[in-house]
Each structure stands twice: as C-alpha cells, then as structure tokens.
Amino acid sequence: MSTASWLTSVGYFVALTDGEPDALDRTHRSVDDALARWSSGGFHLQHANALHARIALDLYARDSARAAERIRNQWRALRRSLVLRAQIMRSILVSARARVLIAEAARTGRHAELAEAERLARGLERERADHLVGQGQGARACIALVRGDLARAARLLATAEATLERARMDLHVATYRHARGVLIGGDQGAALEARAATFMDDHGLHDLAGVTRIHVPGLPA
C-alpha cells in the first residue's frame, strides 16, 4: 500500500484517536499531505479514501454541515470514477453519506434528509453481505434516534452489532455497543459501555465518545 493510500484510508484514524489536543488539526493536515503526494488529475481511490477520512473528521468534530458540503462538491466525481462499483467502497462511502444526512437532520431539526438516509440504508441491506447489511442496520438505528424512537434505535443497534460481529468489524461493534449502553442505561447499559471501553483501551484508542460520534450520529450527548 502506498503512503498516500495508507494515510487516507487508515492512518488518519490512528492520529485522530491518540488523545492529543491538536489531533484534529494535525490529522486534517496528514490527509492533505497524503493527497499532495498523489495525482491531481481524475478521481482515484485515494481521493475517495480522503473524502471518507474528512467526513469522519467532520463528524468527530460535530461539523456535519462541512461534511455535507464535501459530499455535495465531490459525490458526482466519485460516481463518475466508478470507485463505488467496488463493494467495499460502497460500504464505506454510502454509509458515510447516510450518516452525514442523519447528523444534519439531528443538527437542524429538519428531518427531510432522513428519507434519503433510509433509502441509502435499505440499499446497503439489500446487498446481503454482512459488512453492508450491518451498516445499513446501524444507519436505520441512527434514524430512529433522530426521530426519538429510542427503543427501536436500541433494538436496531443490537441487530447491527450481531451482524457486524460476523463481519469482524470490531470497531463499529464497539461504538454501537457503547451507544446502546447509553440508550439502555442502568446496570445493563453500564456493562455494555464498559465492554466497549475495554475494547477501545485494548486497541490504544482513547476517545470512545468521539469515535462513536463518527458511527452513531444523533446519539444524545
């Protein structure tokens, strides 16, 4: 894997979760530096990964408006590039787009975006591969959160956890588990949150709440 590919696909995440005060700005710079090493002509896998990285950083920073602007500016080029024909990239980027729509609905109080987010989530679930189905289920859980149906949200999060455990998407599982613990509360909720925190600590990730914001928009603070 090239340096540009590594920094835009996973390297940004390592820097983001190291717990340092300047992590967010430093991580944005790392993505910019990575793309500077790549061709500026066309829209390649590295550009798609960088878009996803920046969306994740925006959600982490509670700046869904900026994430939505990035999608408006780059989605057409992404579609034309054919990157979305690769199933793993559809999983990553369609899920991210749905989560941005959900975060915007939560931010503005206007729920028009939720219908499009649900359409995207249902599309992921129709693909029948666990890593897509689970993210579709997770997106629908977030939609339920924003609509105020917390019981449904908790049920969908539990379903998504089970699906993504089969896909070995352990970080997603941990954030969904943390979110479900927050929603359930009490001893059961505390136990779920503790399991999620243990996973994060064991993997050197130091901001469970921040990482959860990336995957579970709409979760009450």
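Residues numbered from 1 in each chain as written. Predicted model: local features only at pLDDT ≥ 70, side-chain atom pairs only at ≥ 80, totals over all residues. Heavy atoms only, no water.

The next point concerns the overall build of the chain. Broken down by element type, the chain carries 11 helices and 0 strands. Counting helices and strands in the order they occur from the N terminus, the chain gives α-α-α-α-α-α-α-α-α-α-α. Residue burial in the chain is summarised as follows: out of 221 residues, 52% are buried. Across the chain, the fraction of contacts at a sequence separation of at least 24, relative to all contacts at a separation of at least 6, is 60%. As displayed, the chain offers around 10,400 Å² of accessible surface, 49% of which is attributable to carbon and sulfur atoms. (Helix = DSSP H or I, 4+ residues; strand = E, 2+ residues; numbered from the N terminus. Buried < 20%, exposed > 50% of the residue type's maximum accessible area, 1.4 Å probe, protein only. Contact = heavy atoms within 4.5 Å. Areas by Shrake-Rupley, 256 points an atom, 1.4 Å probe, with all protein chains shown as cover.)

Under the criterion given, the structure shown has 0 aromatic pairs. The ring of Tyr60 is capped by Arg213, whose NZ or CZ atom sits 5.2 Å from the centre of that ring. (Phe/Tyr/Trp six-rings, centres within 6.5 Å; stacked < 30°, edge-to-face > 60°. Lys NZ or Arg CZ within 6 Å of the ring centre and 35° of its normal.)

Below, the discussion takes up the packing of helix α7 (residues 130–147) against helix α8 (residues 150–166). Running from amino to carboxyl end, α7 crosses α8 at an angle of 165°, the nearest separation of the two axes being 8 Å. Looking at the two axes, α7 sits roughly antiparallel to α8. Every pair of crossing elements has a handedness; the one defined by α7 and α8 is left-handed. Along its contact with α7, which presents Asp130, His131, Val133, Gly134, Gln135, Gln137, Gly138, Arg140, Ala141, Ala144 and Leu145, the element α8 presents Leu150, Arg152, Ala153, Leu156, Leu157, Thr159, Ala160, Thr163, Leu164 and Arg166. When the residues that make up the contact of α7 with α8 are grouped by side-chain class, the tally is 10 nonpolar, 7 polar and 4 charged. (Axes fitted to C-alpha atoms, helices over the stretch in contact; angles between N-to-C directions. Parallel < 35°, antiparallel > 145°, perpendicular 65-115°, else oblique. Left-handed = near helix turned anticlockwise from the far one by under 90°. Nonpolar A, V, L, I, M, F, W, Y, C, P; charged D, E, K, R; others polar.)

Our focus in this paragraph is unusual backbone geometry. Positive phi outside glycine occurs at Arg128, with the angle close to 70°. Along the chain, Arg128 falls in the loop between α6 (112–126) and α7. For Arg168, which is not glycine, the phi torsion reads 65° and is therefore positive. Along the chain, the position of Arg168 falls in the loop between α8 and α9 (170–184). Overall, Arg168 belongs to the exposed group, its relative accessible area being 65%.

What follows is about the nonpolar core. In summary, soluble globular proteins display a tendency toward joint burial of nonpolar side chains. Core analysis: the largest hydrophobic core is formed by 31 residues, its most contacted members being Ile102, Leu114, Leu157, Tyr176, Leu183 and Val216. When residues of this core are traced back to their parent elements, those giving at least two are α5 (87–108), α6, α7, α8 and α9. Counting residues per element, this core draws most heavily on α7, which supplies 8 residues. Among residues more than four places away in sequence, those in contact with Tyr176 are Gly134, Gln135, Gly138, Leu157, Ala160, Glu161, Leu164, His215 and Val216. (Core = buried A, V, L, I, M, F, W, Y, C linked by side-chain atoms within 4.5 Å.)

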